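# Close look at the chain arrangement
One-letter residues, chain by chain:
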Amino acid sequence: MSLNRRTFFKFWGVAGAALAFGKSLEAAPASDDGVELMGVLYDASRCVGCQTCEFACADSHNMEFPEDGPSTDIKRSLDPTKRTVVNWYNLPDGSEGYSKKQCMHCNEPACFTACLTQALYKTKEGPVVWREDKCMGCRFCMISCPFEIPKAEYDNNNPRIVKCNMCYHKWADSERPACVNDCPYDALMFGTRRELLDEARKRMLENPDTYHPHIYGEKEAGGTSWLVISPVPVEQIGFNNKIQLKSYPTLTKGFVSSIAPVDLLLPAFLLGLYEATKVRTQNTEEEEL
Ligand code: SF4
Ligand code: SF4
């Protein structure tokens, strides 16, 4: 079935409603024009650490394939060459567990609020994306993110901020995120946030022995588009379970409203300055060649 962008979103809205069972306690927030938030459900009980998602992600973003793999000794971190990583954990009961990490695509992202030029941008469909033409390189997004996700390319003269964008660049062609598409074990599911929460509850209800009763991301940081269910408490597979439940931007609202109007012009000035410096750096390099 071929879906254009409009029918793709409509399809997921209808599918989400049709598949929903029971009453969602945390309905997916919709944007002003009624587009429901999309997201991904990661089921750690199904993940075997095969890394297919990492390779699919690298391929989708024209990045180098990872050369390292999950190990019980070393916990791999996100870096400018990796938008997602899979790690392997020895669990307290003697078994093994895996977890996949990437941007959680918060409903109210701290990175978006911290970014003075809105280079980190929350789309109405859910993905939080980085816009190169708006970025002035301040890296406030890195400092503000409670999940420690955005990474900067330090060895690049014009460093980019690197993080998962839920493959938003492919949505116009009705393609799902590459990791979801390629996961051979169905550990990842794409859908409306409402549908995913219902699916998570359904799996827990039908298999109470398989899951720890917590949907990570349902409430953390005010709710996220990426949701995690797991056989064990999520902190045992590397997730920070000390994330506050209120959205982080609510903490900064008072601060932002106290900024004098003249200061609001500062980001535009700094962005202009940054762009001018970039051009001059490039010119100097070209002259030196
Ligand atoms: S592709 Fe699926 S099973 Fe393999 S590591 Fe990624 S999420 Fe886990
Ligand atoms: S996880 Fe961090 S980078 Fe991703 S949307 Fe939330 S605040 Fe932004």
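Use the structure listed above.
Description of the structure in this document. In this text the structure is predicted, and so the values were computed from the model without any measurement.

### Description of the overall build of the protein
Assigned secondary structure in the protein consists of eight helices and nine strands. The buried share among the 289 residues of the protein stands at 47%. Considering only contacts within the protein whose residues lie at least 6 apart along the sequence, 60% involve residues at least 24 apart. Carbon together with sulfur atoms contributes 54% to the accessible area of the protein, which is approximately 15,200 Å² in total.

### Quick look at the site of ligand 2
By nearness alone, 14 residues border ligand 2, and Cys 103, Cys 106, Cys 111, Cys 145 and Phe 147 come closest of all. For the shell around ligand 2, a count of residues per class yields 12 nonpolar, one polar and one charged.

### Regarding helix H2 (residues 52-60)
For H2, the complete set of buried residues consists of Cys 53, Glu 54, Ala 56, Cys 57, Ala 58 and Ser 60. Considering only its buried residues, H2 is in contact with strand S2 (85-90), strand S3 (96-101), helix H5 (178-182) and strand S8 (188-192). Of the residues one or two after H2, Asn 62 is the one with positive phi, at around 50°.

### Some details on helix H6 (residues 193-206)
Across its 14 residues, H6 extends 20 Å between first and last C-alpha, which sits within 8% of the 20 Å expected from 1.5 Å per residue. Every buried residue belonging to H6 is among Arg 193, Glu 195, Leu 196, Leu 197, Asp 198, Glu 199, Ala 200, Arg 203 and Met 204, and all of these are buried.

### Details of the site of ligand 1
Residues in close proximity to ligand 1 total 14 residues, the closest being Cys 47, Cys 50, Gln 51, Cys 53 and Cys 183. Grouping the amino acids of the shell around ligand 1 by side-chain chemistry returns 11 nonpolar, three polar and no charged.

### As for the pattern of salt bridges
As enumerated under the stated definition, the model contains 14 salt bridges in all. Residue Arg 46 is joined to Asp 43 by a salt bridge in which the shortest nitrogen-to-oxygen separation is 3.4 Å. Lys 82 is paired through a salt bridge with Asp 68; the nearest N and O atoms lie 3.8 Å apart. Of the two residues, Lys 82 is situated in the loop between H2 and S2 and Asp 68 in the loop between H2 and S2; the sequence distance between them amounts to 14 residues. Through salt bridges with shared partners, a single network forms among Glu 54, Asp 68, Arg 76, Asp 79 and Lys 82.

### Here we look at a nonpolar patch on the surface
On the surface, Leu 116, Phe 140 and Ile 143 cluster together into a nonpolar patch covering about 310 Å² of accessible area. Looking at the secondary structure, you find Ile 143 in helix H4 (residues 140-144). Residue Ile 143 is classed as exposed on the basis of its relative accessible area, which comes to 69%.

### Points about the sheet that holds S8
Taking strand neighbours across the sheet as the criterion, the three strands line up as S8-S1-S9 in an open arrangement whose pairing is mixed. Of all the strands in the sheet, just S8 and strand S9 (226-229) have a single pairing partner and so form its edges. Ignoring strand direction, the axes of neighbouring strands in this sheet form an average angle of 25°. As defined by bridge partners, strand S1 (residues 38-43) adjoins S9 across four bridges and the pair is classed as parallel. By the bridge assignment, Asp 43 is partnered in S9 with Ile 229.

### Brief notes about the environment of Ala 58
Looking at the secondary structure, you find Ala 58 in helix H2. With 25 residues separating them in the primary sequence, Ala 58 and Arg 83 have C-alpha atoms 7.7 Å apart. If sequence neighbours within four positions are ignored, Ala 58 has contacts with Met 63, Glu 64 and Phe 65.

### Considering the pairing of S2
Relative to S3, S2 is paired through six bridges, and the arrangement is antiparallel. Opposite Val 85, over in S3, you have Lys 101 as the bridge partner. What sits between S2 and S3 in their antiparallel hairpin is a turn of five residues, with Gly 94 showing a positive phi close to 95°.

### Re the packing of aromatic side chains
The final tally for this structure, using the stated rule, is seven aromatic pairs. Geometrically, the ring pair formed by Trp 171 and Phe 190 is edge-to-face, given 5.3 Å between the ring centres and 75° between the ring planes. Placement of Trp 171 in the loop between strand S7 (161-162) and H5 and of Phe 190 in strand S8 is noted, with a sequence separation of 19 residues between them. Among the aromatic residues, those joined into a ring-pair cluster are Phe 147, Tyr 216 and Phe 239. A cation sits over an aromatic face here: Lys 75 above Tyr 89, 4.8 Å from the ring centre.

About the criteria used
Residues numbered from 1 in each chain as written. Chains lettered and ligands numbered in written order. Predicted model: local features only at pLDDT ≥ 70, side-chain atom pairs only at ≥ 80, totals over all residues. Heavy atoms only, no water. Helix = DSSP H or I, 4+ residues; strand = E, 2+ residues; numbered from the N terminus. Buried < 20%, exposed > 50% of the residue type's maximum accessible area, 1.4 Å probe, protein only. Contact = heavy atoms within 4.5 Å. Areas by Shrake-Rupley, 256 points an atom, 1.4 Å probe, with all protein chains shown as cover. Near = heavy atom within 4 Å. Nonpolar A, V, L, I, M, F, W, Y, C, P; charged D, E, K, R; others polar. Expected span 1.5 Å × (residues − 1). Salt bridge = Lys/Arg side-chain N within 4 Å of Asp/Glu carboxyl O. Patch = residues over 30% accessible without salt bridge, like charges linked within 9 Å, V, L, I, M, F, W, Y side chains within 5 Å. Pairing = 2+ DSSP bridges. Axes fitted to C-alpha atoms, helices over the stretch in contact; angles between N-to-C directions. Phe/Tyr/Trp six-rings, centres within 6.5 Å; stacked < 30°, edge-to-face > 60°. Lys NZ or Arg CZ within 6 Å of the ring centre and 35° of its normal.

Just geometry here; none of it tells us what the structure is for.
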